[in-house]
Amino acid sequence: MPSAGRAAPPAFVRLAAHPLRWRLMTELSAGDHRVRELAARVGEPQNLVSYHLRLLRDGGLVTSSRSSLDGRDTYYHLDLDRCGHGLHDTGVALHPALARPHDDRPFAPDRRIEVLFVCTGNSARSPIAAALLDRHALAGVSATSAGTRPKDELHPGAVRALRRGFGIDVSGQRPRGVDTLADRHFDVVVTLCDRAREVCPPFPGQQRTIHWSVRDPAAGPTGTGDDPFDGAAAEIDTRVRHLLPVLTTTGRTEGPP
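Residues numbered from 1 in each chain as written. Predicted model: local features only at pLDDT ≥ 70, side-chain atom pairs only at ≥ 80, totals over all residues. Heavy atoms only, no water.

### Notes on the overall build of the chain
- Scanning the chain for helices and strands turns up 9 helices and 6 strands.
- Burial statistics for the chain: of 257 residues in total, 44% are counted as buried.
- Here the analysis covers contacts within the chain between residues at least 6 apart in sequence; of these, 64% occur between residues at least 24 apart.
- Total accessible area on the chain is roughly 13,700 Å²; 52% of this is exposed by carbon and sulfur atoms. (Helix = DSSP H or I, 4+ residues; strand = E, 2+ residues; numbered from the N terminus. Buried < 20%, exposed > 50% of the residue type's maximum accessible area, 1.4 Å probe, protein only. Contact = heavy atoms within 4.5 Å. Areas by Shrake-Rupley, 256 points an atom, 1.4 Å probe, with all protein chains shown as cover.)

### Observations regarding the sheet that holds strand S6 (residues 208-211)
- In space, the 4 strands of this open sheet follow the order S4-S3-S5-S6, with parallel pairing throughout. Each edge of the open sheet is held by one strand with a lone partner, namely strand S4 (141-147) and S6. The mean inter-strand angle of the sheet, taken between neighbouring strand axes irrespective of direction, is 20 degrees.
- When strand S3 (residues 113-119) meets strand S5 (residues 188-191), the two strands line up parallel, connected through 4 bridges. Within the sheet, the bridge partner assigned to Leu 116 lies in S5 and is Val 189. (Pairing = 2+ DSSP bridges. Axes fitted to C-alpha atoms, helices over the stretch in contact; angles between N-to-C directions.)

### Considerations on the nonpolar core
- Ranked by internal contacts, the top residues of the largest apolar core, which has 34 residues, are Val 115, Phe 117, Leu 133, Val 190, Trp 212 and Leu 247.
- When residues of this core are traced back to their parent elements, those giving at least two are S3, helix H6 (125-136), S4, helix H7 (156-166), S5 and helix H9 (228-251).
- A per-element tally of this core places H9 first, with 7 residues.
- Sequence-distant contacts of Val 115, defined by excluding residues within four places in its chain, comprise Leu 133, Val 141, Ser 142, Ala 143, Thr 144, Phe 186, Val 188, Val 190 and Leu 247.
- With 19 residues, the next largest nonpolar core counts Val 35, Val 49, Leu 53 and Cys 83 among its residues. (Core = buried A, V, L, I, M, F, W, Y, C linked by side-chain atoms within 4.5 Å.)

Below is the structure:
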């Protein structure tokens, strides 16, 4: 029987240990990006970046989705939950004592943090995100949502998904436009749709801009048989939980990251 010292490294280590793949994962940990954006950020050719993104996608650490703005474009997203499990399993593979329980305690920033979530209609994705951040965050984090072309009312599917999945009632809310918030200070602005990303204006005091390429649940079924609003709410909830430690960093930051 081979000794433990000859055991092959876990799959996560084999994928993440490559310097370029680690840099790509680091870039994607802050938000979703297109290949050309990643290539510019890491200073490598697009074909090389595409090759390593394919390896990360085949390994289950990265997912991709077509842009809702331009169907020929693709956004890449790092599955942070999958990375967390991979890091945990890597530690256990090295020594059982390295296993640690997952810490779900909420984060508290050093000062008040204002977060704005933006999608096109402000009828589903952005109000879901704001409601879920309010649910997870401690006092000191304030969530607001708006749309670049706001609808007349929230989508009933979004209201239903929040009530059914999280016990949150947003039925009394109404969509608003980003133009109504032009004079507001926001530390972090998160766009949740590809169209909104291109037209969302900057805000006073803004330190971070993050993009989440989340499929519009109002576009219809995904083919899985699940309610698309339940699926969108679950995806956004995961992203919001991973946003919380980023907000603590923002709270300690004096200037742009």
